[in-house]
Amino acid sequence: MSDPVRIRLGNRVFEGRNNAYLLGADTGEATLIDTAIATPEVRTELEAGLAEHGLGFADIERVVLTHWHEDHVGLAGAIQAAGGATVRAHAADAPVIEQDPDAVAAMRERQHELFDEWGMPEAAREELLAFLDRFEDITDEPPSIEPFEDGAHVPVGDGELETVHLPGHAAGLTGFARAREGGPELFSGDALLPRYTPNVGGADVRVERALEKYLDTLVCIADGEFARAWPGHRDPIDDPTERAVEILTHHRERTERVVGVLAEHGPADAWTVSAHLFGDLEGIHVLHGPGEADAHLVHLEAGGIVEHTEAGYRLVEPDSDLDELFPAAAVAASRPGGDD
Ligand SMILES: [Zn+2]
Ligand SMILES: [Zn+2]
């Protein structure tokens, strides 16, 4: 079994260039993990990447998707239309990828509820909705999905992948693990990225207690002792456990900053906390910033450190020990190889 073929694809909008991974290229059962955004330029890039291995869209047997975001699923429908590929994704994300009208409407409705809850000003809301509308037309005809759950086995020509549910950034986010000489590897989608910390709270408004779920996801990755992770964006990660611990530590520090903001400026809503943390935001960050702030506030609320009042989140236990909220970090850090 060899390294996957990594096809790098343009994306000026979200977390940086996307990766699609091609497995089993010469087995007659070619499998693609993720498909990138459905713009004409990226379609040409993906076609060129496949052509280097003598393949076209019609030769793809199977597509597996890490999560519903447009920059990962965009071209899946076109690939399926070309040759009838089976397209698979987690059951929680399948209806959104299929653009089921009820699922899309429920997502929109939840966004609007949260914009109110976060205290997003009208002008920012309008700017964000205009930004999101620009992307309405970059999703082609959606694929029809054969859903999977956690722990499913998916054949990929020269072996198989095991699905690993890694919620937080998205409800259905799934990594794909496979055994290899030298240790198991994980196709991590946006659950584990190098340098960049994946957004939680804004990136999928359907996820309740998103930070708590994502911390569990990071512990799951750290515990997996993967020899390598192949992320949805940017370069491979050679020590996934170390990277997971790094992101856990980062979230703990961010939580401390949120407590600091409330101590100085509270009570405050998520929008105000976001402004203190991140300053002025543009584009997709108008969604991600307050979403991230809210995910941290909800996590603090669950731990009894803040309470939600009419005036916003109020600090009730300013001197609390955040260890209670980050048992995950303690577990991961105590592992051999964890730093502190
Ligand atoms: Zn994503
Ligand atoms: Zn992404």
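Treat the numbers as computed from the prediction; the structure is a model and nothing was measured.

Student: I tried to follow the overall build of the protein on my own but got confused; where do I start?
Tutor: Each helix and strand counted, the protein has eleven helices and 13 strands in total. For 340 residues, the compact-globule estimate of 2.2 N^0.38 gives 20 Å, and the C-alpha radius of gyration of the protein, at 20 Å, lies within 12% of that figure. For the protein, the C-alpha atoms occupy an extent of roughly 60 × 50 × 30 Å along the three principal directions. Within the protein, the fraction of its 340 residues that count as buried is 47%. Long-range pairs, those at least 24 residues apart, make up 68% of the contacts in the protein with a sequence separation of at least 6.

Student: Quick question: what am I supposed to make of the sheet that holds strand β7 (residues 153–155) here?
Tutor: Note: strands within a sheet are paired through backbone hydrogen bonds, in either parallel or antiparallel orientation. Taken in spatial order, the five strands of this open sheet run β7-β8-β9-β10-β11, and their pairing is mixed. Each having just a single partner strand, β7 and β11 (228–231) make up the two edges of the open sheet. Averaged over all pairs of adjacent strands, the angle between their axes in this sheet comes to 30°, without regard to strand direction. Summarising the sheet, strand β9 (residues 174–178) and strand β10 (residues 185–189) pair through three bridges and their orientation is antiparallel. Considered in β10, the bridge of R178 is made with E185.

Student: Would you mind going over unusual backbone geometry with me for this structure?
Tutor: Phi is mostly negative for residues that are not glycine, and the peptide bonds are mostly trans. The linkage connecting G266 with the following residue, P267, adopts the cis geometry, with an omega of -5°. Summarising the element assignment, P267 is placed in the loop between α8 (240–265) and α9 (270–278). One non-glycine residue with positive phi stands out, namely D34, at about 65°. With respect to the element layout, D34 can be found in the loop between β3 (31–33) and α1 (40–51). When the 27 C-beta atoms within 10 Å are taken as the criterion, D34 is described as buried. Its identity as a non-glycine residue notwithstanding, Q99 has a phi of 55°, on the positive side. For Q99, the location among the structural elements is in the loop between α4 (94–97) and α5 (101–118).

Student: Please clarify how the nonpolar core should be interpreted in this entry.
Tutor: One recurring pattern in soluble globular proteins is that nonpolar side chains are buried together. If you look at the biggest cluster of nonpolar residues, it comprises 87 residues, and the most contacted ones within it are V63 and L297. The element contributing the most residues to this core is α8, with eight residues. Leaving out residues up to four positions away in the same chain, V63 has contacts with L32, T35, A76, I79, A85 and V87.

Student: Is there a simple way to think about the packing of α9 against helix α10 (residues 285–302) in this case?
Tutor: Packing of α9 against α10 brings their axes to within 8 Å, and their N-to-C directions diverge by 110°. One way to sum up the angle between α9 and α10 is to call them roughly perpendicular. Mapping the contact onto sequence places A270, W271, V273, S274, L277 and F278 in α9 and G289, P290, A293, D294 and L297 in α10.

How each quantity is defined
Residues numbered from 1 in each chain as written. Chains lettered and ligands numbered in written order. Predicted model: local features only at pLDDT ≥ 70, side-chain atom pairs only at ≥ 80, totals over all residues. Helix = DSSP H or I, 4+ residues; strand = E, 2+ residues; numbered from the N terminus. Rg over C-alpha atoms; globule rule 2.2 N^0.38 Å. Buried ≥ 20, exposed ≤ 12 C-beta atoms within 10 Å, placed from the backbone. Contact = placed C-beta atoms within 7 Å. Pairing = 2+ DSSP bridges. Axes fitted to C-alpha atoms, helices over the stretch in contact; angles between N-to-C directions. Core = buried A, V, L, I, M, F, W, Y, C linked by C-beta atoms within 7 Å. Parallel < 35°, antiparallel > 145°, perpendicular 65-115°, else oblique.

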